[in-house]
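Okay, here's what each chain looks like letter by letter:
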Amino acid sequence: MTATASLRGRDFLIDDDLGADEARQVLDRAAALKEQRRRGELHDHLLRGKTVALIFQKPSTRTRVAFEAGVAQLGGQALYLSSSDLQLGRGETVEDTGKVLARYVDAIMARVMRHGDVVALAGAGAPVINGLSDLVHPTQGLADMLTVREHLGGWQGRTLAFVGVANNMAHSLLLSGALLGLSVRVVCPPGRVPDPAILARAEALATASGATVAVAHDPREGVAGADVVYTDVWRSMGDAGGTSLADLEPYRVTAALLDAAGRGALFMHCLPLLRGQEVAAEVADGPRSIIFDQAENRLHLHKALLVEQLGV
Ligand code: CP
Ligand code: NVA
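Since we're looking at a predicted model, the values are computed, not measured. (Residues numbered from 1 in each chain as written. Chains lettered and ligands numbered in written order. Predicted model: local features only at pLDDT ≥ 70, side-chain atom pairs only at ≥ 80, totals over all residues. Heavy atoms only, no water.)

Trainee: So what exactly am I meant to see when it comes to the pairing of strand β6 (residues 183-187) here?
Mentor: Looking along a regular strand, one sees side chains alternate from face to face of the sheet. Counting buried positions over the five residues of β6 gives four, a clear majority of the element. Bridge analysis of strand β5 (residues 159-163) against β6 gives five bridges, and the strand direction is parallel. Within the sheet, the bridge partner assigned to Val163 lies in β6 and is Val187. Taken together, β5, helix α6 (residues 168-180) and β6 form a β-α-β motif whose crossover is right-handed. The sheet contact formed by β6 and strand β7 (residues 213-216) spans four bridges and is parallel. Bridging from a neighbouring strand, Val184 pairs with Val213 of β7. Each parallel crossover has a hand, and the one from β6 via helix α7 (residues 196-209) to β7 is right-handed. (Buried < 20%, exposed > 50% of the residue type's maximum accessible area, 1.4 Å probe, protein only. Helix = DSSP H or I, 4+ residues; strand = E, 2+ residues; numbered from the N terminus. Pairing = 2+ DSSP bridges. Right-handed = clockwise from strand over helix to strand, strands pointing away.)

Trainee: What is the right way to look at the sheet that holds strand β2 (residues 77-82) in this model?
Mentor: Strands in a sheet are paired, the pairing made by backbone hydrogen bonds, and the direction either parallel or antiparallel. The parallel open sheet is built from four strands, whose spatial order is β2-β1-β3-β4. Looking at the sheet topology across the chains shown, the edges are occupied by β2 and β4 (128-130). Put simply, the sheet's adjacent strands are angled 20° from each other on average, direction ignored. Sheet topology note: the strand β1 (residues 51-56)/β2 ladder contains six bridges and is parallel. Residue pairing in the sheet places Phe56 in a bridge with Ser82 of β2. Across the face of the sheet, helix α3 (residues 94-104) comes into contact with β1, β2 and β3 (107-111) while running at roughly 145° to β3. Of the strands in this sheet, β1, β3 and β4 touch helix α12 (residues 291-310), which is tilted by about 160° from β4. (Axes fitted to C-alpha atoms, helices over the stretch in contact; angles between N-to-C directions. Contact = heavy atoms within 4.5 Å.)

Trainee: Quick question: what am I supposed to make of the environment of Val65 here?
Mentor: For Val65, the position within the fold is in helix α2 (residues 62-73). For Val65, a relative accessible area of 48% gives the class partly exposed.

Trainee: What's the story with the site of ligand 2 in this structure? I'm lost.
Mentor: Around ligand 2, a shell composed of Leu132, His137, Asn167, Asn168, Asp232, Val233, Ser236, Met237 and Leu271 is seen. The separation between a nitrogen atom of ligand 2 and a polar side-chain atom of Asp232 is 2.6 Å. Here a nitrogen atom of ligand 2 and a side-chain polar atom of Ser236 are 2.7 Å apart. Its residues assigned to classes, the shell around ligand 2 comprises four nonpolar, four polar and one charged. (Near = heavy atom within 4 Å. Polar contact = N/O pair within 3.5 Å; in protein donor to acceptor, adjacent residues only side chain to side chain. Nonpolar A, V, L, I, M, F, W, Y, C, P; charged D, E, K, R; others polar.)

Trainee: When you look at the environment of Pro127 in this model, what are you seeing that I'm missing?
Mentor: Within the secondary structure layout, Pro127 lies in the loop between α4 (115-121) and β4. Judged by its relative accessible area of 6%, Pro127 falls in the buried class. A sequence separation of 64 residues divides Pro127 from Thr63, and the C-alpha atoms of the two residues are 17 Å apart. Those residues in contact with Pro127, other than ones at most four positions away along the chain, are Gly9, Arg10, Asp11, Asp106, Ala107, Ile108, Gln309 and Leu310.

Trainee: What exactly am I supposed to notice about the site of ligand 1 here?
Mentor: Around ligand 1, the surrounding shell consists of Ser60, Thr61, Arg62, Thr63, Arg111, His137, Gln140, Cys270, Leu271 and Arg298. In the model, an oxygen atom of ligand 1 is placed 2.6 Å from a nitrogen or oxygen of the Ser60 side chain. In this structure, an oxygen atom belonging to ligand 1 sits 2.7 Å away from a main-chain N or O atom of Thr61. Notes on ligand 1: free accessible area 260 Å², of which the protein chains cover 95%. In terms of residue class, the shell around ligand 1 is built from two nonpolar, five polar and three charged. (Areas by Shrake-Rupley, 256 points an atom, 1.4 Å probe, with all protein chains shown as cover.)

Trainee: Which parts of the structure should I look at to understand the sheet that holds β5?
Mentor: Judged by pairing direction, the sheet is parallel, and its five strands sit side by side in the order β7-β6-β5-β8-β9 without closing on themselves. The open sheet is flanked by β7 and β9 (266-269), the only strands paired with a single partner. Within the sheet, the average angular offset between the axes of one strand and its neighbour, ignoring direction, is 20°. Where helix α5 (residues 138-152) meets the sheet, it contacts β8 (228-231) and β9, and its direction lies at approximately 165° from that of β9.

Here's what the structure looks like:
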């Protein structure tokens, strides 16, 4: 498999920066890299001589390690750059930082407070990957599509219900799901609904892919018939709140709520999670939970994306 010409040098700032065919290409590449790794085959020629900068304005376990390990497995070099160590912390602009880094490295991954910061980095001369912003978390959304396909065989005719605060993760699932044909329902309190512009984008994508998107407020009705129940923390990094934790109690994914979805419904969470808050421990640690498969697939997805953008 050779890298797709159409993704070379492209940014990945939001889920639908990729077309549906391009997203499938990245996912197929991720599945192939995963299988090679399972067989113990090296693929350390694919990013040989390439350097990737990883900027973090917020903490990370999965995104950081899956990018660092992934770049190493592909034969490249990753540079972890905490924003407090960069001159960004002393007021150098994001635009100047991007232009300088693009003179040194072949790609930039950035986890930022404001989505505008990752947009400002783009166009500096090296492809930029959004490793989470306040608006979306596209590498997680796309990796989750791989996990859904592995467990359910595909996306068409399937429904994922995201339960909780309609945050960056909900936005990425709306966009990635609608792009690839997975129907997505966001089941949230009336005060924490999806961004209208994201919802409109997802509706347009769903029309093209044959999926549906919807917003519901009643937890049991909202999850009924869903193949996957997904949740995320009630307080995202940098989120000042707006909904009290008490108001979110009905949205906790308990065993009863998972049962209300359907007998075979799977549980997903991007992690990190708080047992007893957005999800009951018996669900997170139960047989229908596929949270660690999700976490693993970040590695394969990041590698696939970088190979398509930069690889030989
Ligand atoms: N899911 C995810 O992005 O985890 P980290 O915050 O640990 O990177
Ligand atoms: N919504 C969460 C996701 C963490 C991976 C946050 O932004 O903190």
